[in-house]
Every structure is written in C-alpha cells, then in structure tokens.
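# Close look at the chain arrangement
What follows is the residue order along each chain.
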Amino acid sequence: AAILICIGWHLKRTRSIKSLTALATASASAGKIISVIIDIADSNAGRGESSVFVFTMRALAGAVLLMSLFGPYAVLTHSQTRVRAKRSLGPSGKPVKVAPDRTNMFVVGYCGIVLPLVIFACIPLVVVPLISGLRNTRFYYSSSPPMTEIIGFASCLWGVATLSTTSHLFPEGGAEAWRKTSALTFILGLGMFFVAPSLPWASDSLSASNEFASISSVGLGLGQGRSGGFGLVSATLATLLALTGPLELRERRGNSGGKDRSHLLRLMLFSILFGCGVAWFVGIQSMGGEPFLSLFMTMTACMPTAFLGTVACVLGYSVESHNFDEVQQIAKLWMGTCPLFLLVASVSTLATDASPPFGLGGWLSTYLVVCSMTALAFTIAARLRSDKTSVTRALGNLTCISSWLLAMICTYGQFGLAGIGVASGSVVGVPTSIVVTFAAAPILLLLEGESGETISNRRTYHLAGSGRKALPTFGFNFQSLTRANRFSPPLAGTVLVFLIASLHAVLLRGCAWLAVTRIGRGDSSKSSTDVFSNMYDFLSKVTRAKHKEDVANMARTNVFQSKAVASAAKLAGASMWTSQSMMGPFLHLLGVASVIPSLYVLVADSWSPKQQSSGRILALLPLNLIPLFLCRGIPCLWAAALVGIVGGIAQSIASRQKSYVSHMRM
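Remember, predicted model here, so these are calculated numbers, not experimental data.

## Overview of the overall build of the protein chain
- Summing up its helical and strand segments, the protein chain has 24 helices and four strands in all.
- By the burial criterion, 43% of the 666 residues in the protein chain qualify as buried.
- Across the protein chain, the fraction of contacts at a sequence separation of at least 24, relative to all contacts at a separation of at least 6, is 72%.

## Here we look at empty space enclosed by the protein
- Within the structure shown, the criterion is met by four cavities of 30 Å³ or more.
- Looking at the largest cavity, its volume works out to about 50 Å³.
- The wall of the largest cavity is formed by Asp605, Gln611, Gln612, Ile617, Gln651, Ala654, Ser655 and Lys658.
- In terms of residue count, helix α24 (residues 635-662) provides more of the lining of the largest cavity than any other element does, four residues in total.

## A short note on a nonpolar patch on the surface
- Taken together, the side chains of Leu503, Leu507, Leu508, Met576, Trp577, Met582 and Leu589 make up a nonpolar region of the molecular surface, amounting to roughly 590 Å² of accessible area.
- As for its placement among the helices and strands, Met582 is situated in the loop between α20 (563-573) and α21 (583-607).

## As for the packing of aromatic side chains
- Taken as a whole and judged by the stated rule, the model has five aromatic pairs.
- On the basis of an interplanar angle of 50 degrees and a centroid distance of 6.5 Å, the ring pair of Trp158 and Trp178 is categorised as tilted. Residue Trp158 is found in helix α6 (residues 147-169), and its partner Trp178 is found in helix α7 (residues 176-195); the two are separated by 20 residues along the sequence.
- Look at Trp178 and you get partly exposed, because its relative accessible area is 24%.
- Ring centres 5.7 Å apart and planes at 20 degrees place the aromatic pair Phe292 and Phe296 in the stacked group.

## A short note on the nonpolar core
- Within the largest apolar cluster, 47 residues are counted, with the highest numbers of intra-cluster contacts made by Val327, Trp334, Tyr367, Phe378 and Leu395.
- Contributions of two or more residues to this core are made by α9 (229-244), α10 (263-287), α11 (292-318), α12 (325-345), α13 (363-383) and α14 (390-415).
- Examining the composition of this core, we find that twelve residues originate from one element, α11, more than from any other.
- Beyond its immediate sequence surroundings of up to four residues, Leu395 is in contact with Phe324, Val327, Gln328, Ala331, Met335, Phe378, Phe474 and Gly475.

## Quick look at the layout of surface pockets
- Quantified by volume, the second largest pocket comes out at close to 1,400 Å³.
- In terms of lining residues, the second largest pocket is bounded by 42 residues, among which Thr239, Leu249, Phe270, Phe274 and Val314 are the most central.
- With nine residues, α7 is the single largest residue contributor to the lining of the second largest pocket.
- Across the lining of the second largest pocket, the residue classes tally to 27 nonpolar, ten polar and five charged.

## Some words on unusual backbone geometry
- The phi torsion at Arg15 lies on the positive side, around 60 degrees, for a residue other than glycine.
- The topology assignment puts Arg15 in the loop between α1 (2-13) and α2 (19-44).

Thresholds, definitions, all that
Residues numbered from 1 in each chain as written. Predicted model: local features only at pLDDT ≥ 70, side-chain atom pairs only at ≥ 80, totals over all residues. Heavy atoms only, no water. Helix = DSSP H or I, 4+ residues; strand = E, 2+ residues; numbered from the N terminus. Buried < 20%, exposed > 50% of the residue type's maximum accessible area, 1.4 Å probe, protein only. Contact = heavy atoms within 4.5 Å. 1 Å grid on protein atoms, 1.4 Å probe; cavity = no way out; pocket = protein on both sides within 12 Å on 5 of 7 lines; lining within 4 Å. Points joined across faces, edges and corners; volume = space filled by probe spheres on them. Patch = residues over 30% accessible without salt bridge, like charges linked within 9 Å, V, L, I, M, F, W, Y side chains within 5 Å. Areas by Shrake-Rupley, 256 points an atom, 1.4 Å probe, with all protein chains shown as cover. Salt bridge = Lys/Arg side-chain N within 4 Å of Asp/Glu carboxyl O. Phe/Tyr/Trp six-rings, centres within 6.5 Å; stacked < 30°, edge-to-face > 60°. Core = buried A, V, L, I, M, F, W, Y, C linked by side-chain atoms within 4.5 Å. Nonpolar A, V, L, I, M, F, W, Y, C, P; charged D, E, K, R; others polar.

The analysis is restricted to geometry; functional conclusions fall outside its scope.
Here it is, written out as structure tokens:
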C-alpha cells in the first residue's frame, strides 16, 4: 500500500493521472493500512483476527473518510478556488464584499452535511477501533474508549477538515463564521479528548473485555494526570471569549476617541484563563503522581510565569512599534521573576518520596518546559508582527535563544547522554536526547536578521517615530543573518550541543563535586564500582520498592542482562572519573578533537558566502571516521561525526557545483 501511494504521487507529479485519481488511489491504500493496524491491535488484545468482510468494510470506510477529508483539494483546482470578492455598494454607500453563491453553497453542503455524515458513519468502523488500539497499548486488558473521547476525536477531525477547506476555497479571506467555528470546535474537541478520563460518566471499567479485566482495570481511567485536561478547557474558553468579543485583546476605540479603560482587565483575565490553563495542563500531566507539596510549589511557580508570558505575548503582537517599550518592561519583569519562581519551585525537594528534579515528574523539568513554551510563544508572536523594527527583532531573538537553551537543558537533564535508566530513553534505538536535539533545532529558524528589514519599513518607522526618543534595544541583533544563511544557527546550535555533551561525558561525568542533582538522595556514579546506581534508583522509583526487597532485586538482576548495562559500561569507560584506565578518555578526547575541524568548516560555509575549496573539505572528511571506530561510548560524539560526514559530502557537492557554474562561459 505504501509503494502504491508513492507510485500514485509520482504519476500525479508527472501529470500522467489526474488529482482525483491519485487521491482515490492514496485513500484506498491508506484505508488498507488503517485496517491492518486495527487488525494487529485486535490480535494483540486477544480478540483474534478480523474476518475478510470486516477487514474490507474497515478499509472501505477509511478510504471514504480520507476522500471526504482531502476531496476539496482534488476536486477544485487553484484557478477555481482563487475567487476575488466582488465589491458592491451597500445601503450606507460603503463597498460590501459579496462572495460567490456557488462557493457558499459548496461550503454549507460539504462542511455542514457531507463531512459530519461521513465522520458519523465511520465512527463504529474506524474511529472506535483505532482509538481502542492506541489506548490499549498502555494496559494489559483491552477496554473501549468512553463516548466523550470519541466525540472529542470526531470534533477534531471536523474542525481540521473544515478549517483547511475554507482556507483553500477562500485564500484571500471569507467564510469567517466557518473559520471561527471550526477552530473552536477543534480546540474544544482536543480538550474533551484529554478531559475524557476525568469526567464522572467516562469510566470504562464496566466495558472491559471480561470479568478479570473489569477487576484489574479499576482505576485505569483515573490516571496520574486525570484533571490536567481542564487546563485545556480553560484555554479554550479564553480563546472563545477573545474571538467572540467579551475578552477582545485589541484596544477598543469609542465614538469619542477615548482610551479603552477595560483593555487591561480583559488582558489580565485572558492571561489567567489561557496561560494558567496551559501551565496547569503541563504540570498535572507531568507531576500528577507526585506528593502534594511538590506539586503545589511547582504549580505555584509555573502559573505566574505562564501568566506573565501570556501578557508579554499579547502585547508583543499587538502593540505598535513606537510603544514597544511597554513590551520590554513586561518582558524584563517576566524574565527577572523566572529565577525567583525557580527558587519557589525548589521547595519541592523537601517533599518525601519526590522524584529527582530532572526525573520523571521532576519539578525542575516541569518548570523549564513551561518557561520554554512561553518563550517560544513570544518568539512566534514577535515574528508574526506586521511592523517590525530592530527593537522588536532583538527581543524576539532573545526569547528564541532562551527557549532553545531551556529545551536543551531540560532534555539532557531528564534523558541524559544515552537515555540510561530513564523511561522512553530511546527512540528506535537512538537516544531520546539526540532525537530531541535534532527536533528542537528548527526553533532557531525563527531568528531574524536586520537585513530583512525593507527600506519602506525603515522609512515608515522613522516618520512615525519623528519627535520621539529612540527606544533602547533589549536582546540580540544579527546584522548578517539573511534568508541565504538562515540554516546556519540551527546547524551551529546542534553541533555545539553535541560537542559540549561529549566533553562533559569525558571531563565532568562522574565527578562527585558536580553531582548537585543527587544531593540528599544518595551518592552519584563516582567510581567504576557504582556506575549503575542511577538505574537502581530508577527501578526502585518505578516498583515503589527498596533495594532490599525481592521486586527490586529481581529488577536489578534483570537489568544486568539488558543493553542498558552495556551502554552504561561504555559511557563509564569514556569518563576520566569512572574509567579504570586513561586510554578510554584519551581516545574520546581525540575523537572530539578530530570532528571539530570538519564541523567548523561546515558551519563557517553555511554562514559566510565565501566558497570553501572542495579539496580542503574532502581532506578533513576522513577525520570524522575516528569517533565511529574508536569512540563507541558517547552517542553524542557519534551524532557529531555523522553530521560532519553527511554535511561534508553535501558541502563538497555544492562546492563543486558552484565552481562548475562559475567557470561556465556565456
């Protein structure tokens, strides 16, 4: 089925088949894939394989559902959808936009009749089995999803399909009622999907597969973060009130032109509902099973931080450039109070049986996630401004770098260098920290340079700011950052993180003086005789048992036979504090030194337009093979070497192509 989808997409690109035929082929193939996934989930749950008729009906229902979701993109071409609104004079003599009746009838018929009927018909055949298969991967016995969870999932489907269809049919604006309704339906459905386990009528213990499952499934719906979904409900309510008018975030102007006195009150209420709601969702989902003191102090620190961050985001998007000093003051207050609230959250360490700060449900990792999310939200708000100056760009760049740094600290603090002794420590055999490092690199694509400011924007800003004092710059300005070298900051940041992590593994890991996260919780890995103590603590945390008890001893014996011990032994042999000989640390330092020249040339070539010689690039490329063969203990060093090899090959090809083009004659 996957091969058939690729063939259909290739034939569509070469215009051998029409878009509708390609969509039908892809939908039929994807429907078969969905049916196979559901059948595998049923087999794992002990219900046996489906019959041929049921399998075919599920595949057909999945194909019809996908055809309904993506049909408007294939039925209507771009020339038909790009309809310019006609202007006519209304009763007041002002021009009024009138959309074509045919398009409006299509929107009403598709979004209001066809799409709901198709989704409703596919619920018993596709939606319910698919959700059941996904949620039963966490439990031993199978159980049916509650009705609220099904309604939330279906609402999300309708909201996404309607919003994408209206955006496709009205690229220049229109159908605002359908847009707002679909967006709110999607948010409400998402909130209902997460809130479903906490509703009183959503208990599914009676719908288990058998009597034994009914007994053993008691409490599965409670979950550690059962009330976290109410935070999304609060954020959805704030968005609804902001769109409909009661909490309008823009400043209102009366007939007399007076100042809007209720704007500050509306902004505060929106920030409380939205920012604190998101912080509540993140905190409860992360720390739902922690002691009350730890949870209370962490939420006390996260909610004010999210509140101030939401206020800064709203003002950073809507305030005019000559009044941006107000945004700077709020941002300084927000960033200045973050260390103070960090001290408040650190009181969580006094709670008994609390998780480590960077562990599962740790107070420090939860607080850093909230801070990183608010900083990223402000960066996006500053990037989406209509009028940009060097002052707005500087503050947006500062929050962008802060969000990325906090994400990296949280990632390596929680998952470590190799994901040893941590739940979900690897993804398809690759340490989670490396995967997240690559996944978080696009955050740095939001950085903006001063070269992107057009002459008209500068002239408008100077005319509007004539007679006013120039605003001070708070943040970072990148004069040489352009669209041509916008990929250089993510590349440089990723490479720098890998090199710092590798040096930390060789020079600092295992040092007793730096084991600040283990204060009061036992000794850290200070020597080669106790390099696995973190895994034993993790097992005791999961099993709720001590080392002396049978369950912990069995888990400890089992872990010695796993691959985690082999990875821990290799990582311990790379550190000068835990290795039994200095040969291992010396080889890993040699590996770090061997990848630096190639990575430096790669980053420098991506930033500067100066062309590097292909011979120099190829001469440095074999040095990246040293870590792959001699340094097998540090995964970050392997990742840096692979980046150097792949980047060097691409850099050499691009250099030869540029040299060939420059020597071509007219």
